[in-house]
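# Structural overview for review
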Amino acid sequence: MNMFKNMKVSSSIAAMSAMLVAASLLIIWAIAYEVVSLKVRQDTLNSQSASLRVAATVLSQNLDEFEIGWDGDGEVRSVRANTIPEFSSHDLIDSIGQATGETATVFVWDDETRDFWRRSTNIVKPDGNRAVGTPLGQNGAVYPIVTRGETFRGEANILGTDYYTVYQPIENASGDVIGILYVGVQKARITGVIADMMIKFGMAVVPVILIAIVISIFASRRLLRPVREMAQITDEIARENLSISIPYVGRNDEIGQLAASFNKMGQALETMVSHIRTAAQEVSGRAQALSGLSGGAYEGMEQQSGEITSMAGAVEEFSATALTIADNMGNTERLAQGNAQQTRIGR
């Protein structure tokens, strides 16, 4: 599903819807193919019963050797003949083929080879000649059934080609199987019919898929339009446009729930931003006040520093003056002592 990562949500939904529709129709097509194939094959096998009735009727009406037994439903129950004619021409078997539109054959039993051989047939070999004189073959599915005097109905391979067939045993008065009356149609013809039907079905399905894709694209875009609008609103909120109006709040579906959540989020963000701005203004005012106080204190400190500096200068000046006075007093004292000594000497 990596192919959907870089697609828009609406495009992804449309693509997935188209894939689901196509998969569903493909499944329906496969089921229809099986049903149609089974139905056509069954109808084909049933049609062989009609072809067998035609063949049996033509033989009985044109050859005295053949006697047909019918059941209560009008189906061929048995085909009896004392001998199988030589068929100097194949006009009779060709007339059966023309009436049924299918293939027909009369087999004759050979005791020496213990196999059935085609005596008259409208089946043509690959070389273009009639398949007269070719055996049924003992290894096929037909041989063990007809030798028991039972009718074979189903698929059989004739000279390399698959057919839907009916093999009706021909029995003599003693009940021995002396030949076979065969009718059949090539499986490829039926397969072609089925293929044509499924192609027509597919041609009818393709417009349905296209219509489903168009409807899914339209529906997905229409359903996802509120989501796109919510995405745009999110961008506006990210740009601090918190006063934007939130649509679809009144809806009772998931879109309405999403819109209501966005509305609450926007209101909460707006309140938070308002509180932050108020707090920022208060902090700014207090910072300015503190700045004024700190400026006054700095000026006072500078003034006190100047006064201290002046006092220090006065103290130094006073100290220097005191030292000078002290020196002068010392000199005066020494002078006075000298005068007093001289006075004593003068006496």
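Residues numbered from 1 in each chain as written. Predicted model: local features only at pLDDT ≥ 70, side-chain atom pairs only at ≥ 80, totals over all residues. Heavy atoms only, no water.

### What about the overall build of the protein chain?
When helices and strands are counted, the protein chain shows five helices and seven strands. Secondary structure elements of the protein chain, listed N to C terminal, follow the sequence α-β-β-α-β-β-α-β-β-β-α-α. Within the protein chain, the proportion of its 347 residues that are buried is 29%. Here the protein chain displays about 22,500 Å² of accessible surface, and carbon together with sulfur accounts for 57% of that area. (Helix = DSSP H or I, 4+ residues; strand = E, 2+ residues; numbered from the N terminus. Buried < 20%, exposed > 50% of the residue type's maximum accessible area, 1.4 Å probe, protein only. Areas by Shrake-Rupley, 256 points an atom, 1.4 Å probe, with all protein chains shown as cover.)

### Focus: the pairing of strand β3 (residues 103–110)
Regular strands place their side chains on alternate faces of the sheet. With seven of eight residues buried, β3 lies mostly within the body of the structure. Relative to strand β7 (residues 177–186), β3 runs antiparallel, the two being bridged by six bridges. Residue Thr103 lies in a different strand from β7, and its bridge partner there is Gly184. Pairing analysis gives six bridges linking β3 to strand β4 (residues 115–121), with the strands arranged antiparallel. By the bridge assignment for β4, Asp110 is matched with Asp115. A loop of four residues connects β3 with β4, the two strands running antiparallel in sequence, and Arg114 in this loop sits at a positive phi of about 50 degrees. (Pairing = 2+ DSSP bridges.)

### As for a nonpolar patch on the surface
Together, Leu26, Trp29 and Tyr33 line one region of the surface with nonpolar side chains, adding up to about 280 Å² of accessible area. Among the structural elements, Tyr33 can be located in helix α1 (residues 9–62). Look at Tyr33 and you get partly exposed, because its relative accessible area is 31%. (Patch = residues over 30% accessible without salt bridge, like charges linked within 9 Å, V, L, I, M, F, W, Y side chains within 5 Å. Salt bridge = Lys/Arg side-chain N within 4 Å of Asp/Glu carboxyl O.)

### Here's the deal with a positive patch on the surface
Together, Arg221, Arg222, Arg225 and Arg228 make up a region of like positive charge exposed at the surface. For Arg225, the position within the fold is in helix α4 (residues 187–238). (Lys, Arg positive; Asp, Glu negative; His and termini not counted. Charge placed at Lys NZ, Arg CZ, Asp CG, Glu CD.)

### Observations regarding the pattern of salt bridges
It is possible for side chains of opposite charge to pair when their charged atoms get near one another. The tally for this structure, following the rule as stated, stands at seven salt bridges. Here Arg80 ties to Glu171 by a salt bridge, and the two come within 3.9 Å at their closest N and O atoms. In this pair, Arg80 sits in strand β2 (residues 76–80) while Glu171 sits in strand β6 (residues 161–171), placing the two residues 91 residues apart along the sequence. Asp127 serves as the salt-bridge partner of Lys125, at 3.9 Å between the closest nitrogen and oxygen. Residue Lys125 is classed as partly exposed on the basis of its relative accessible area, which comes to 27%. Asp127 sits in the exposed class, given a relative accessible area of 51%.

### With respect to the nonpolar core
Core analysis: the biggest nonpolar cluster contains 24 residues, and Leu59, Phe66, Ile84, Val106, Ile170 and Leu181 have the highest contact counts within it. For this core, the secondary-structure elements that each account for two or more residues are α1, β2, α2 (91–100), β3, β6 and β7. In terms of residue count, α1 provides more of this core than any other element does, five residues in total. Residues Trp109, Tyr163, Tyr167 and Val177 belong to the second largest nonpolar core, which totals 17 residues. (Core = buried A, V, L, I, M, F, W, Y, C linked by side-chain atoms within 4.5 Å.)

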